[in-house]
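This is what each chain is made of:
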Amino acid sequence: MEIRPPVSFRSDLYPARCTNTEMDRHAMKTLIVDDEPIARRVLREELELLPDVAVVGEAGDGREALRQIAKLEPDLVFLDLQMPVMGGFEVVRSLEGRWLPVVVIVTAFDQHAIQAFEAGAVDYLLKPIRQERLRRAVDRARKLRGRPRAVAESIAKIATALDDAKGSRGRRIVGKSGSEFFLLDPNDVLAFQAEGELVWIITAKHRFLAAQSLRTVEARLEKSQFQRVHRNAIVNVNHVRKMSPMTSQRWLLTLTNQQQLIVSKRQAHNIRTILQW
């Protein structure tokens with residue numbers, strides 16, 4: 001019997017296949033949050049048709065969603081708005097800390113929320129979900145991957161849109177502490193204070209680094225409880241506890257955390273109006 005040499009293949013004609021480990025490393029780890037099992041199953045089946053997406057878990061309510069996010073650290077979360085125990089709105093407001101996923105809102109029909117999302121350029125999916133729309137949402141999420149500040153700002157936009165839909169006209173504030181990004185309620189912020197090129201967000205117990213200049217912060221918080229009192233300071237007037245005159249045109253403000261800030265001559269004439277005296 002003739003023995004033939006083994007057949008050799010040109011490796012350059014056949015690209016190497018990725019191992020499961022390599023595929024898992026590059027895949028978007030995705031969590032599905034919806035109180036309806038059928039809705040979760042349908043979305044999972046649609047996601048499994050997309051490349052580089054790995055559904056790592058599901059949650060049937062908001063509290064479970066927060067536990068799963070902390071445990072699994074997903075890159076992407078599809079979040080239903082209307083759920084028992086804790087809805088999507090409360091989940092978004094509760095997100096904070098070292099790991100923040102990209103969030104895509106899923107809703108059956110909420111016209112006010114949809115209008116707010118469209119106005120704020122927030123990504124959302126309307127049930128029943130179309131494959132092409134789902135694909136675009138995943139592609140957008142992929143572009144935010146590895147950009148924690150952009151992810152935090154995206155979540156802040158969602159929270160703001162949800163606040164607007166509820167009529168509260170709130171706005172989330174993104175603050176950084178170390179390598180972590182936090183979404184802060186404006187009511188918890190006492191002041192913004194510039195130190196050179198840095199802008200600090202001051203709360204009752206902590207200081208966070210802001211991502212924007214003081215001028216940008218002032219523009220974003222226009223027509224709110226925040227007021228510029230100095231070229232290097234903006235205060236939440238609801239946290240001013242005492243005003244002490246320094247001269248006829250300068251004041252010393254004491255905040256609820258006992259921190260003191262000076263009101264400049266340029267801003268002094270507005271201070272009584274600001275505090276509605």
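Bear in mind that the values here come from a model prediction, so they are computed numbers and not experimental data. Just so you know, the residues in each chain are numbered from 1, in the order the chain's sequence is written. pLDDT decides what is reported in this predicted model: residues at 70 or higher carry local features, side-chain atom pairs at 80 or more are listed and counted, and totals for whole chains, interfaces and linings draw on all residues regardless. Side-chain numbers here rest on the full set of heavy atoms in the structure, without hydrogens or water.

Asks: Is there a simple way to think about the side chain of D123 in this case?
Replies: A run of H or I in DSSP counts as a helix once it spans at least four residues, and a run of E counts as a strand once it spans at least two, with each numbered from the N terminus. Tracing the chain through its elements places D123 in the loop between α5 (111–119) and β6 (124–126). Throughout, exposure labels follow a simple rule: accessible area from a 1.4 Å probe, protein chains only, divided by the maximum for the residue type, with under 20% read as buried, over 50% as exposed, and the rest as partly exposed. Residue D123 is classed as buried on the basis of its relative accessible area of 12%. Under this definition, polar contacts are N or O atom pairs within 3.5 Å; protein pairs additionally need one hydrogen-donor-capable and one acceptor-capable atom, and for neighbouring residues in sequence, both atoms have to be side-chain atoms. At a separation of 2.8 Å, a polar atom in the side chain of D123 contacts the side chain of R133. A distance of 3.2 Å separates polar atoms of two side chains, one belonging to D123 and the other to R140. The criterion used for residue contact is that any of the two residues' heavy atoms lie within 4.5 Å. When neighbours within four sequence positions are excluded, D123 is seen to be in contact with V104, I105, R133, A137 and R140.

Asks: When you look at the environment of Q131 in this model, what are you seeing that I'm missing?
Replies: Within the element layout of this structure, Q131 appears in helix α6 (residues 131–144). We classify Q131 as partly exposed; its relative accessible area is 22%. The spacing of Q131 and L49 is 82 residues in sequence and 9.1 Å in space, taken between C-alpha atoms. Setting aside residues up to four positions removed in sequence, Q131 forms contacts with E46, L49 and L50.

Asks: I'm lost on the side chain of H239 in this one. Help?
Replies: By the secondary structure assignment, H239 is in the loop between β13 (233–236) and β14 (240–245). Taking the relative accessible area as the measure of exposure, H239 reaches 16% and is therefore buried. Within polar-contact distance, the side chain of H239 engages the side chain of T256 at 2.9 Å. Those residues in contact with H239, other than ones at most four positions away along the chain, are N187, V189, L190, T254, L255 and T256.

Asks: Just checking my understanding: could you explain the environment of R241 for this structure?
Replies: Note on placement: R241 falls in strand β14. Note on R241: relative accessible area 56%, which makes it exposed. It is 5.7 Å that separates the C-alpha atoms of R241 and T254, two residues lying 13 residues apart in sequence. With near-sequence residues (within four places) excluded, R241 lies in contact with T254, L255 and T256.

Asks: Just checking my understanding: could you explain the sheet that holds strand β3 (residues 76–80) for this structure?
Replies: Two modes of strand pairing occur in sheets, parallel and antiparallel, and in both the strands are linked by backbone hydrogen bonds. Overall, parallel pairing links the five strands, which are arranged β2-β1-β3-β5-β6 in an open sheet. Two strands close off the open sheet at either side, each with one partner strand: β2 (53–59) and β6. Along the sheet, successive strands turn relative to each other by an average axial angle of 25°, direction set aside. Here the rule is simple: two strands pair whenever DSSP picks up at least two bridges between them. Note: β3 against strand β5 (residues 102–107), five bridges, orientation parallel. Bridged to L79 within β5 is I105. Only the stretch in contact is used when a helix axis is fitted, and all axes are lines through C-alpha atoms; the angle between N-to-C directions ranges over 0 to 180 degrees. Lying over the sheet, helix α2 (residues 37–47) contacts β1 (28–33), β2 and β3, oriented at roughly 170° with respect to β2.

Asks: Looking at this model, I keep getting lost on the pairing of strand β16 (residues 260–263). Mind explaining?
Replies: Along a regular strand, successive side chains alternate from one face of the sheet to the other. By the alternation rule, side chains of β16 split into L261 and V263, which are all buried, and Q260 and I262, of which none is buried. Bridge count between strand β15 (residues 251–255) and β16: four bridges; the pairing is antiparallel. Bridge assignment links W251 to a residue of β16, and that residue is V263. Where β15 hands over to β16, the hairpin turn is made up of four residues, of which Q258 adopts a positive phi near 75°.

Asks: Mind showing me how you'd approach helix α3 (residues 62–72) here?
Replies: For an α-helix, the turn length of 3.6 residues means that residues three or four places apart are oriented alike. Residues G62, A65, Q68 and I69 constitute the buried set of α3. Across the axial projection of α3, the buried residues extend over an arc of 115°, all falling on one side. With respect to the buried face of α3, the exposed residues turned more than 90 degrees away are R67, A70 and K71. Turning to α3, the residues buried within the fold contact β1, β2, β3 and α4 (88–94). Positive backbone phi, approximately 50°, marks E73, located one or two places after α3. Directions are taken from the helix axis to each C-beta atom, and the arc is the one they span.

Asks: How should I be thinking about the nonpolar core in this particular structure?
Replies: The tendency in soluble globular proteins is for nonpolar side chains to be buried as a group. Ranked by internal contacts, the top residues of the largest apolar core, which has 50 residues, are L47, F78 and L79. Among the elements that take part in this core, helix α7 (residues 148–166) stands out by supplying nine residues, more than any other. Setting aside residues no more than four positions away along its own chain, F78 makes contact with T30, L31, I32, V33, L43, L47, V104, V106, L125, L134 and V138. The nonpolar core is taken to be a set of buried Ala, Val, Leu, Ile, Met, Phe, Trp, Tyr and Cys residues, with the residues joined through side-chain atoms within 4.5 Å.

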